[in-house]
Amino acid sequence: MNRTFSKVLYFPITRIITGTVICFLLLVGVQNFVTKPILESAISSKPIADTIVNYISVAVLLLSYFYLFRIYERRKITELSRANLMKELFGGFILGFAILSLVILILYLSGYYSIMSVSGLSYMLAPFSVLVVAALLEEIVFRLLVYRIFENWLGTYISLFIIAVVFEVPHWFNNNVTFLSVILGLIFGFAHGIMYTYTKRLWLPLGFHLGWNFAQPFYGSNLSGLDDIGSIIKAKFSGPTLLTGTVYGIEDSIFSIVLLAMVSVLFLYFSIKKNRIIKDKTV
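Residues numbered from 1 in each chain as written. Predicted model: local features only at pLDDT ≥ 70, side-chain atom pairs only at ≥ 80, totals over all residues. Heavy atoms only, no water.

Let's talk about the overall build of the chain
The line we're drawing: Every helix listed is a DSSP run of H or I at least four residues long, and every strand listed is a run of E at least two residues long, numbered separately from the N terminus. For this measure, only C-alpha atoms enter the radius of gyration; the expected value for a globule follows 2.2 Å times N^0.38, where N is the number of residues. The rule is simple: take the accessible area with a 1.4 Å probe, protein chains only, and divide by the maximum for that residue type; under 20% is buried, over 50% is exposed, in between is partly exposed. Accessibility throughout is a Shrake-Rupley quantity obtained with a 1.4 Å probe, and a residue counts as covered only by protein chains that appear here.
Per the secondary structure count, the chain includes ten helices and two strands. Scaling as 2.2 N^0.38, a compact globule of 283 residues should have a C-alpha radius of gyration of about 19 Å, and the chain matches this with 20 Å. The buried share among the 283 residues of the chain stands at 46%. Accessible surface, the chain: about 14000 Å² in total, of which carbon and sulfur atoms supply 70%.

As C-alpha cells, then:
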C-alpha cells in the first residue's frame, strides 16, 4: 500500500468520518430496506413492529462498529467487551435515572412539581426503544469514534475539551435551546467522555445516557427541547425556570447541572486514581 495513501486512510479524522458514515448508512439501509418493510407487513401492530425494528437497529449498530474496526484497525475491540457489561450498563442507567429523580424529589418537596396522572406502560415499547437507538447512536459516534480516537491521538484532557464541544454543537439545533442547556450539554459531553476513560468500554456512558434520557419523559418533562416524545407521568412544573428547567426540559435545571458536574468530577478523580488518564501527546 502506498505510504501516503496509508497515512490518509489511517489518519484519526479519516477513521472517525469512515466509521460514522458506514455505521450510519448500514443503520439507515437495514431499517428502510429490510426490517421496516418486512416487519410492518408481517405485524399488524405498528408499536410492536417499530419496537422490533429499533432493537434490530441496536444489533446492526453494534455489529457494524465491531466488524468495521476489527478489520479497519486490525485489533481486538475491547471497548465492546462483555466484561462487566451488565454491571456498567445497568449501573450507568440507575445513576443517570437517579440524578434526575433526585432533582424531581427536590422540586416536589419545594412545591414546584406535582403529578397530574399516570399513563400505562405502553411507553416501554416503541418510545423507549427509540431512546435506546438514539442513545446508542450518539455514544458510538461521540464516544467510540470521536472521543476514543482523539484520546488515543491527543491524550485525555484535550479530548475531553474537544468532545464536550463536539457533543454540544448538534444540540444547538434542538428546539428551545437555552444558555443553561448549552452549559448542560458541555458538561454532559465531558461526563460521558470521562466515564469512557474510566472503564474504556461503551457500557457505562451508554447506560447513563439512556437512564438520563428516560427519566425526563418518565417524570413528564420535555427531552432536550422536544415535547412530542410522550411521557409516563403527566406532571406540572411550576416555579423559577432556573430550578425547574425551561421548555428545554428538567435537564437544564441548575440542580441537574450541578449534580452532573459533581458526577463528572467524581469520575475524573476515579480515572486519575486508577491511572486511566492518557497523557497529552502534543508535547
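Here's the deal with the packing of helix α6 (residues 156–168) against helix α7 (residues 179–199)
Rules: Angles here are taken between N-to-C directions and fall from 0 to 180 degrees, while the axes themselves are lines fitted to C-alpha atoms, restricted in helices to the stretch in contact. The labels follow the angle: roughly parallel below 35 degrees, roughly antiparallel above 145, roughly perpendicular from 65 to 115, and oblique for the rest. Definitions for this section: a left-handed crossing has its near helix turned counterclockwise from the far helix by less than a right angle. A right-handed crossing has that turn clockwise. Should any heavy atoms of two residues lie within 4.5 Å, those residues are considered in contact. For this classification, Asp, Glu, Lys and Arg are treated as charged, while Ala, Val, Leu, Ile, Met, Phe, Trp, Tyr, Cys and Pro are nonpolar and the rest, including Gly, are polar.
The contact between α6 and α7 brings their axes to 8 Å, and the two run at 135°. For the element pair α6 / α7, the angle class is oblique. The handedness of the crossing between α6 and α7 is right-handed. Here α6 contributes Thr156, Leu160, Ile163, Ala164, Val165, Phe167 and Glu168 to the contact with α7, which in turn contributes Ser181, Val182, Gly185, Leu186, Phe188, Gly189, Phe190, Gly193, Ile194 and Thr197. When grouped by side-chain class, the residues that make up the contact of α6 with α7 number ten nonpolar, six polar and one charged.

Let's talk about unusual backbone geometry
Glycine aside, the phi torsion of most residues is negative, and most peptide linkages are trans. Not every positive phi belongs to a glycine, and Asn84 is a case in point at roughly 60°. If you trace the backbone, Asn84 turns up in the loop between α3 (46–72) and α4 (85–109).

Points about the packing of aromatic side chains
As a reminder of what qualifies: Pairing of aromatic rings covers Phe, Tyr and the six-membered ring of Trp, with a centre-to-centre limit of 6.5 Å; geometry is then stacked below 30 degrees between planes, edge-to-face above 60, and tilted otherwise. A positively charged side chain is recorded as over a ring if its NZ (Lys) or CZ (Arg) lies within 6 Å of the ring centre. The angle to the ring normal must also be within 35 degrees.
For the structure on display, the rule yields 25 aromatic pairs. Here the aromatic rings of Phe11 and Trp153 are separated by 5.4 Å at their centres, their planes lie at 75°, and the arrangement is edge-to-face. One end of the pair, Phe11, is in the loop between α1 (3–9) and α2 (12–42); the other, Trp153, is in helix α5 (residues 126–154), and 142 residues separate them in sequence. Classification of Trp153 by relative accessible area gives partly exposed; the value is 31%. Considering the side-chain rings of Phe142 and Phe167, the 5.2 Å spacing of their centres and the 75° angle between planes classify their relative orientation as edge-to-face. Here Phe142, found in helix α5, pairs with Phe167, found in helix α6; they are 25 residues apart in sequence, far enough to count as distant. A residue is classified by how much of its surface remains accessible, and Phe142, at 10% relative accessible area, is buried. It is Arg148 that lies over the ring of Phe69; its NZ or CZ is 5.4 Å from the centre. The ring of Tyr198 carries Arg276 above its face, with NZ or CZ at 5.4 Å from the centroid.

Comments concerning the side chain of Thr156
By the secondary structure assignment, Thr156 is in helix α6. Once you skip the residues sitting within four places of it in the chain, Thr156 turns out to touch Tyr147, Glu151, Thr197, Arg276, Ile277 and Ile278.

Here's the deal with the packing of α3 against α5
Interhelical geometry of α3 versus α5 gives an angle of 15° and a closest axis separation of 8 Å. If you check the angle between α3 and α5, you find them roughly parallel. Like other packed secondary-structure pairs, α3 and α5 cross with a definite hand, here left-handed. Between α3 and α5, the contacting residues are Pro47, Asp50, Thr51, Asn54, Tyr55, Ser57, Val58, Leu61, Leu62, Tyr65 and Phe69 on the first element and Ala126, Phe128, Ser129, Val130, Val132, Val133, Leu136, Leu137, Ile140, Leu144, Leu145 and Arg148 on the second. Residue classes in the contact of α3 with α5 are distributed as 17 nonpolar, four polar and two charged.

Structural notes on α4
For an α-helix, 3.6 residues make a turn, and residues three or four places apart therefore share a direction. Note the cut-off: The span you would expect from a helix comes to 1.5 Å times its residue count less one.
Here α4 spans 36 Å end to end across 25 residues, near enough to the 36 Å set by a 1.5 Å rise per residue. Along α4, the residues classified as buried are Leu85, Glu88, Gly92, Gly96, Phe97, Ile99, Leu100, Ser101, Val103, Ile104 and Leu107. Those residues of α4 hidden inside the fold are in contact with β1 (113–118), α7, α8 (203–218), β2 (233–237), α9 (241–244) and α10 (254–273). At the C-terminal side of α4, Gly111 shows a positive phi close to 85°.

Describing the pattern of salt bridges
Under the convention used in this document: Between Lys or Arg on one side and Asp or Glu on the other, a salt bridge is scored when a side-chain nitrogen of the former is within 4 Å of a carboxyl oxygen of the latter.
One pass over the full model with this rule turns up nine salt bridges. Here Arg148 and Glu79 are joined by a salt bridge, their closest N and O atoms 3.5 Å apart. Placement of the pair is Arg148 in helix α5 and Glu79 in the loop between α3 and α4, with a sequence separation of 69 residues. For the residue pair Arg148 and Glu79, the accessibility class agrees, reading buried in each case. When the shortest N-O distance is used, the salt bridge between Arg143 and Glu139 registers 2.7 Å. Of this pair, Arg143 and Glu139 both sit in helix α5, separated by four residues, roughly a single helical turn. With relative accessibility at 0%, the residue Arg143 sits in the buried group.

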